[in-house]
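An overview of the molecular structure
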Amino acid sequence: MCGIIGIVGKTPVTDRLIESLKRLEYRGYDSAGVAVQTDGVVDRRRAQGKIKALEAVLDASPLRSQVGIGHTRWATHGAPSERNAHPHTSGRVTLVHNGIIENFAELKAELQKEGRVFESDTDTEVVAALIDHYLDKGQAPLAAFKMALDRLTGAYALAVLIEGRDNFIMGARKGSPLVVGTGEGEMFLGSDALAVGPFTSKVTYLEEGDYVAIDHDGAEIFDVNGMPVERPMKVVSAAAALVEKGNYRHFMEKEIHDQPEGVQRTVSAYIDPITSRTAVPGGIDFAAIERIQIVACGTSYIAGMVGKYLIEQLADLPVDVEIASEFRYRSPALRPGSLAIAMSQSGETADTLAALRLCKSRGMRTAAVVNAQESTMAREVDVVWPIHCGPEIGVASTKAFTAQVTVLTAIAVAAAAARGRIDTAEEERLVKVMLEAPRLVSEAIGMEDAVRAVAVDIAKARDVLYLGRGTMSALALEGALKLKEISYIHAEGYAAGELKHGPIALVDEDTPIIILAPYDSYYEKSASNMSEVMARGGQVVFITDPEGARHAPAGAKVVMTAPASDPLIAPLIMSAPIQLLAYHVAVLKGADVDQPRNLAKSVTVE
Ligand code: AGP
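Residues numbered from 1 in each chain as written. Predicted model: local features only at pLDDT ≥ 70, side-chain atom pairs only at ≥ 80, totals over all residues. Heavy atoms only, no water.

1. Focus on the pairing of strand 17 (residues 291-296)
Regular strands place their side chains on alternate faces of the sheet. For the record, the criterion: Classification of residues uses two cut-offs on accessible area relative to the type maximum, computed with a 1.4 Å probe and protein chains only: under 20% is buried, over 50% is exposed, and between them is partly exposed. Numbering of helices and strands starts at the N terminus; helices are DSSP runs of H or I of at least 4 residues and strands are runs of E of at least 2. Only strands that DSSP links by at least two bridges are regarded as paired with each other.
Of all six residues in strand 17, five are buried; the element is thus mostly enclosed. Note: strand 17 against strand 19 (residues 338-344), five bridges, orientation parallel. Pairing of isoleucine 294 across the sheet is with isoleucine 341, part of strand 19. With five bridges connecting them, strand 17 and strand 18 (residues 319-323) associate as parallel partners. Residue pairing in the sheet places valine 295 in a bridge with glutamate 322 of strand 18.

Right, here's the structure in full:
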């Protein structure tokens, strides 16, 4: 997934293009480039590596103009290199692209037959050549653009400069987000509101298939049928403050510490503090729902796993949770009486979006638990259940995870009440438990010094095993995912009861075993698992609560104590130590915490 920006300005744009690209770096950062247009002539600079590499190129060879486009890349077609970096030029066309063109090879062959030569391995360059092909046929820029778009199969967000057309940028979106920003006599295109946030808060979200032309006078938007169309302009508070690190070293560190606030804001949006009852927006009657199907990827999938446990335990409502990339291709048995829930921080993950669309095509009601409330998923479902943790920039999801779990926790309580599984008194009690979560999450973050000390040993490990039972089995998966994705140490999460069915063969004195076990109904079983691994030399880091610490079997390398809580919110509280552990191990290893290798914040390609 990549980030794109375009500016038709009244003042020099190069610095502003770079400022925007820095805000977009979380979407991909293996190469970057800008192109500007002056007196009809287009010039570009590109660099492999992060934005700072591009800045060095521009310092050595500046560009001056009031109109330009920029791009930061997460490679799909063509290895990360300057040659494959965007913007790409073909004839009079220079453009930047986010997405994947699935039929680029056949289009490329067709264009090569007419003698076109390509300099890169990318699908993007083919789009530029196709537009130029139609310009050669005498088509005006917008007509040539639309004719090219109609030939493309796949996903794209595009910003396009045309040699000879000053103060003019074309854009289009299909499968990848693109917004129009309206300034004072200046116009912008960007991958999201954050991209244009420093320049304007007036944002118009293009719809699937829309394309647009911007100049100093404004924007002309056309729908997929080529008809002029108006899209609503919104004022979006993508204030600079929302995406600064403050006094933290990394966005991930800041976002871990932001969790009490994110949980609190999210809880507040799903309960009525006056009545102390749940108040889940969207009007879903959980008494009429036969089954819930959750589809998601990565950490969002793990949040769905936690939701499954809570909703089934409290509401006796069947919940299936499935990895979207598997679900979408396996012809699942779906029933119209079910509710599909897409879990997605970005609301743009390609596999999750496809799985959601499959559910919709089978007549299911659809909902999305998302952070980006104007995302594609949010715009396609019947009901949006927002999380309220603010923009999450670190590639490793933390505050979005706990906010997602918070939403599903509220849904579990609301569904239980709606289905008569709990009475009003119990609902009020559980809502009060949820209201305690922000404070307890904050206390759990207070474990940081103890966690930092443990990180020193974990950073030396080759393999790490995370174990848990119940909702802690999902947290074990999340702890392992966090560690491997930012520190590059191999880690596995397992249901503790599965240990004896294979993973125990991994246990030796060099394998740290992180066991997550609050003092709940699973505790005795988890304590037995702890003894099993210690008997084989395993070095156990036992993360529990005060009561669990009192009952812990002797011999653990470390016992860390999280705040005690009702089991309903234990997943929120136990997230903090596993996130902090991954963070501090990654810092010790000198890893790129916010932008780990090979990853991107939102995977909008398959
Ligand atoms: C989480 O730490 C990962 N970066 C990744 O697994 C992420 O959760 C996944 O790609 C899903 O993204 P989404 O929530 O935006 O759909």
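Still to come is the rest of the account.
2. Some words on helix 14 (residues 424-445)
The test is simple: Expected helix span is taken as 1.5 Å per residue step, with the number of steps being one fewer than the number of residues. Values of bend correspond, residue by residue, to the angle between axes fitted over the seven residues ending at that residue and the seven starting there. For the purposes of these results, a polar contact is taken to be a pair of N or O atoms within 3.5 Å, where, inside protein, one atom must be able to donate a hydrogen and its partner to accept one; residues adjacent in sequence count only when each atom of the pair is a side-chain atom.
Between its terminal C-alpha atoms helix 14 stretches 32 Å, which fits the 32 Å expected from 22 residues at 1.5 Å a residue. Bending of helix 14 peaks at approximately 35° at the position of alanine 437, with proline proline 438 no more than four residues after it. Turning to helix 14, its buried residues number three or more, namely Glu427, Leu430, Val431, Val433, Met434, Ala437, Pro438, Leu440, Val441, Ala444 and Ile445. By the N-cap criterion, in which a side-chain oxygen at the helix start approaches the backbone nitrogen of a residue two or three places on, helix 14 is capped by aspartate 423, the distance to alanine 425 being 3.2 Å.

3. Brief notes about the sheet that holds strand 13 (residues 218-222)
So the rule is basically this: Axes here mean lines fitted to C-alpha atoms, for a helix over just the part in contact, with angles spanning 0 to 180 degrees between N-to-C directions.
The strand order across the open sheet formed by six strands is 5-6-7-8-12-13, and the pairing between neighbours is antiparallel. Where the open sheet ends on each side, the last strands, each with one partner, are strand 5 (88-90) and strand 13. For this sheet, the mean inter-axis angle between neighbouring strands, taken without regard to orientation, is 20°. Relative to strand 7 (residues 154-162), strand 6 (residues 93-101) runs antiparallel, the two sharing nine bridges.

4. A few points about the site of the ligand
Let me state the cut-off plainly: Residues are counted as near a molecule or strand when any one of their heavy atoms sits within 4 Å of it. Surface exposure here means Shrake-Rupley accessible area, sampled with a 1.4 Å probe, where a residue is shielded only by the protein chains that are shown. Gly is put with the polar residues, along with every residue not named as nonpolar or charged; the nonpolar set is Ala, Val, Leu, Ile, Met, Phe, Trp, Tyr, Cys and Pro, and the charged set is Asp, Glu, Lys and Arg.
Around the ligand sit 13 residues, and of these Ser300, Ser344, Gln345, Thr349 and Glu485 come closest. Considered on its own, the ligand offers 410 Å² of accessible surface; in the complex 91% of this is hidden by protein. Of all the elements in the fold, those that place two or more residues in the shell around the ligand are helix 9 (298-315) and helix 16 (471-487). A per-element tally of the shell around the ligand places helix 9 first, with three residues. Partitioning the shell around the ligand into residue classes produces three nonpolar, eight polar and two charged.

5. Overview of the sheet that holds strand 20 (residues 365-370)
Threshold: Only heavy atoms enter the contact rule, under which two residues are in contact if any of them lie within 4.5 Å.
Spatially, 18-17-19-20-21 is the arrangement adopted by the five strands of the open sheet, whose pairing is parallel. Looking at which strands have only one partner, the edges of the open sheet turn out to be strand 18 and strand 21 (383-386). The average angle at which neighbouring strand axes cross in this sheet is 20°, direction not considered. Here helix 9 sits on the sheet and contacts strand 17, strand 18 and strand 19; the angle it forms with strand 18, its principal contact strand, is near 170°.

6. Thoughts on the side chain of aspartate 545
Applied cut-off: Here the positive residues are Lys and Arg and the negative ones are Asp and Glu; neither His nor the chain ends is included. Only one rule defines a salt bridge in this text: a Lys or Arg side-chain nitrogen within 4 Å of an Asp or Glu carboxyl oxygen.
Tracing the chain through its elements places aspartate 545 in the loop between strand 25 (539-544) and helix 18 (546-550). Among buried Asp, Glu, Lys and Arg side chains, aspartate 545 stands out as unpaired, with arginine 550 the closest opposite charge at 7.0 Å. Within the structure, aspartate 545 has its side chain in polar contact with the backbone nitrogen of glycine 548 (distance 2.9 Å). With residues near it in sequence (within four places) discarded, aspartate 545 still touches Ala517, Pro518, Tyr519, Thr561, Ala562, Pro563 and Ala564.

7. Here we look at the packing of aromatic side chains
The criterion, for reference: Each Phe, Tyr or Trp ring (for Trp, its six-membered ring) is paired with any other whose centre lies within 6.5 Å, and the angle between the two planes then decides the class: stacked below 30 degrees, edge-to-face above 60, tilted in between.
A complete count under the given rule lists six aromatic pairs for this structure. Relative to phenylalanine 199, the ring of phenylalanine 188 has its centre 5.2 Å away and its plane inclined at 15°; by these criteria the two rings are stacked. Note that phenylalanine 188 is positioned in strand 10 (residues 187-190) and phenylalanine 199 in the loop between helix 6 (193-196) and strand 11 (202-205), a separation of 11 residues in sequence. The exposure classification of phenylalanine 188 matches that of phenylalanine 199, with both residues buried.

8. Here's the deal with the packing of helix 8 (residues 259-268) against helix 13 (residues 399-418)
Threshold: Should an angle lie under 35 degrees it is considered roughly parallel, over 145 roughly antiparallel, and from 65 to 115 roughly perpendicular; all remaining angles are considered oblique. Each crossing gets its hand from how the near helix is turned against the far one by less than a right angle, where anticlockwise is left-handed and clockwise is right-handed.
The interhelical angle for the contact between helix 8 and helix 13, taken along N-to-C directions, is 25°, at an axis separation of 9 Å. If you check the angle between helix 8 and helix 13, you find them roughly parallel. Handedness of the helix 8/helix 13 crossing: right-handed. Residue-level inspection shows Gln259, Val263, Thr266 and Val267 of helix 8 in contact with helix 13, the latter providing Lys399, Thr402, Ala403, Thr406 and Val407.

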